[in-house]
Amino acid sequence: MIDALKAAAADAAAALVQDGMIVGLGSGSTAAFAVEALGRRVREGLKIAGIPTSETTSRQARALGIPVSSLAEHDHIDITIDGADEVEEGTLNLIKGHGGALLREKIVASATRNLVIVVDPSKLVPRLGSRVAVPLEVVPFGWQMAAARLRRLGTVPKIRLASDDTPFITDGGHYILDCEFGPIEDADKLERQLSTLVGVVEDGLFLGMTSTVIVGGESGVQIIDRRA
Ligand code: A5P
């Protein structure tokens, strides 16, 4: 059932893509439905260039026949369709990165004119941090120093492990520290604090970036526009 809700949101987002657009291709299970939908549209004749946010998405896009490009060829992206781990109702601020692709996702989002987030209703929260930890991508060298500084900010960082119990390695060759903060009162302040920590490459707070959230619901899709 949850897959049907994700697919409905993803289909609605893919319908926003028009001929000639440069399209950011998100990562995670919901974004994968959007890539699938775009693949169908490309087979029907849609002309786009896709910029993937992970190696997994890149492989999926190529397999579906979506032309894959990069930020070396394009200095902006018209639309990006991506998932999220939490969407804060009201602000549309996000926590992302539970799939481990947050750094590339944030680079792509920052180059994007229209960031469209596709989710099922379980992702909507009144306050960021209510349900999930904030993932941080960190340099492996001396990551324990970053972890110690994070503890001073009131969290207990957990290094993310792969299935063989070794540290999970991102596409950029980094580790991930999952940091629970509980409901975050002031996400801008927290992001400023995280961004000054040596060894932290990027955090999973996506603030002020979302244009539209599309929620797949049992009675249809709901479109929430930030400018509305
Ligand atoms: C990938 O790093 C993430 O940011 C995903 O976009 C996020 O985890 C949502 O994934 P699902 O759609 O699989 O829940």
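Note that the structure is a prediction, hence the values are computed from the model and not measured. (Residues numbered from 1 in each chain as written. Predicted model: local features only at pLDDT ≥ 70, side-chain atom pairs only at ≥ 80, totals over all residues. Heavy atoms only, no water.)

## Examining the site of the ligand
Now for step 1: Taken together, 16 residues lie near the ligand, and Ser29, Thr30, Asp85, Glu105 and Lys123 sit nearest.
Now for step 2: Residue threonine 30 places a side-chain N or O atom 2.6 Å away from an oxygen atom belonging to the ligand.
Now for step 3: Between the ligand and alanine 101, the relevant distance is 2.9 Å, taken from an oxygen atom to a main-chain nitrogen or oxygen of the residue.
Now for step 4: If the ligand stood free it would expose 380 Å²; the protein chains cover 90% of that surface. (Near = heavy atom within 4 Å. Polar contact = N/O pair within 3.5 Å; in protein donor to acceptor, adjacent residues only side chain to side chain. Areas by Shrake-Rupley, 256 points an atom, 1.4 Å probe, with all protein chains shown as cover.)

## Examining the environment of glycine 50
Now for step 1: Assignment of secondary structure puts glycine 50 in strand S2 (residues 49-52).
Now for step 2: C-alpha separation for the pair glycine 50 and serine 70, spaced 20 residues apart in sequence, amounts to 7.8 Å.
Now for step 3: Every residue in contact with glycine 50, bar those within four places of it in the chain, is listed here: Val23, Leu25, Ile66, Pro67, Val68 and Ser69. (Helix = DSSP H or I, 4+ residues; strand = E, 2+ residues; numbered from the N terminus. Contact = heavy atoms within 4.5 Å.)

## Some remarks on the sheet that holds strand S4 (residues 86-88)
Now for step 1: Spatially, S7-S4-S5-S12 is the arrangement adopted by the 4 strands of the open sheet, whose pairing is mixed. The open sheet is flanked by strand S7 (124-125) and strand S12 (205-206), the only strands paired with a single partner. (Pairing = 2+ DSSP bridges.)

## Side note on the domain arrangement of the protein chain
Now for step 1: What the domain assignment reports for the protein chain is domain 1 (2-126 + 207-219) and domain 2 (134-202).
Now for step 2: A C-alpha centroid distance of 24 Å is found between domain 1 and domain 2.
Now for step 3: Summing the contributions of domain 1 and of domain 2, the shared interface buries around 1,200 Å²; its carbon and sulfur component is 60%.
Now for step 4: A per-residue breakdown of the area domain 1 buries against domain 2 is headed by Leu102, Leu103 and Leu207, which together make up 42% of the total.
Now for step 5: Ionic pairing is found between glutamate 191 and lysine 106, a salt bridge with its closest N-O pair at 2.9 Å.
Now for step 6: When residues in the side of domain 1 that touches domain 2 are grouped by element, the largest group, 4 residues, is from helix H4 (residues 102-110). (Domains from an automatic or database assignment. Buried area = accessible area lost by both parts, 1.4 Å probe. Salt bridge = Lys/Arg side-chain N within 4 Å of Asp/Glu carboxyl O.)

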